[in-house]
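Chains, contacts and geometry: an overview
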Amino acid sequence: MFRTWITVLWSIRRRLRLTWTLLNDNRIPLWQKAIPFLPLVYILSPFNLLTFTIPLLGQIDDVVLIILALDVFERTVDKDILKEHRA
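Definitions and cut-offs
Residues numbered from 1 in each chain as written. Predicted model: local features only at pLDDT ≥ 70, side-chain atom pairs only at ≥ 80, totals over all residues. Heavy atoms only, no water. Helix = DSSP H or I, 4+ residues; strand = E, 2+ residues; numbered from the N terminus. Buried < 20%, exposed > 50% of the residue type's maximum accessible area, 1.4 Å probe, protein only. Contact = heavy atoms within 4.5 Å. Areas by Shrake-Rupley, 256 points an atom, 1.4 Å probe, with all protein chains shown as cover. Core = buried A, V, L, I, M, F, W, Y, C linked by side-chain atoms within 4.5 Å. Salt bridge = Lys/Arg side-chain N within 4 Å of Asp/Glu carboxyl O.

From N to C terminus, the protein chain includes six helices and zero strands. When the 87 residues of the protein chain are sorted by exposure, 26% land in the buried category. Taking the contacts inside the protein chain whose residues are at least 6 apart along the sequence as the reference set, 64% of them involve residues at least 24 apart. On the protein chain, roughly 6800 Å² of surface is accessible, and the fraction owed to carbon and sulfur atoms is 72%.

Counting nine residues, the largest nonpolar core is built from Leu18, Leu22, Leu23, Ile28, Ile35, Phe73, Val77, Ile81 and Leu82. Elements supplying a minimum of two residues to this core: α1 (2-23) and α6 (79-86). The biggest single contributor to this core is α1, with three residues. Setting aside its immediate chain neighbours within four residues, Ile35 contacts Ala69, Val72, Phe73 and Thr76.

Looking at the secondary structure, you find Leu40 in helix α3 (residues 38-43). Residue Leu40 is classed as partly exposed on the basis of its relative accessible area, which comes to 40%.

Let us look at the side chain of Gln32. Structurally, the position occupied by Gln32 is in helix α2 (residues 30-33). According to the relative accessible area criterion, Gln32 is buried, its value standing at 8%. Residues contacting Gln32, with those up to four places away along its chain left out, are Phe73, Thr76 and Val77.

Now for the pattern of salt bridges. Summed over all chains, the structure comprises six salt bridges. Its salt-bridge partner being Glu74, residue Arg86 comes within 3.3 Å of it at the nearest N-O pair. With a gap of twelve residues between them, Arg86 in helix α6 and Glu74 in helix α5 (residues 55-76) connect regions that are remote in the sequence. The exposure class of Arg86 is exposed, given its relative accessible area of 54%. The class for Glu74 is buried, based on a relative accessible area of 7%. What you see here is one network of salt bridges that share partners, running through Arg15, Asp71, Glu74, Arg75 and Arg86.

Quick look at the structure:
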């Protein structure tokens, strides 16, 4: 169980580092760079009722949204640029 958590945390760390380097790349359009920040609109929204009604589930929901946004961001970036940054 502990090894699974370490693996998950290490994977999230790698994805955040990849996202950071992609955000600093000038070849990626601004609209694509906005994708990782879209969950913040929901998280900071006053209509985020799930966080207030079910506390633990609300935080898990927010983390899942962030991970999905990072996934969508990586899928929209040009494959050659993504491969270059992963290397």
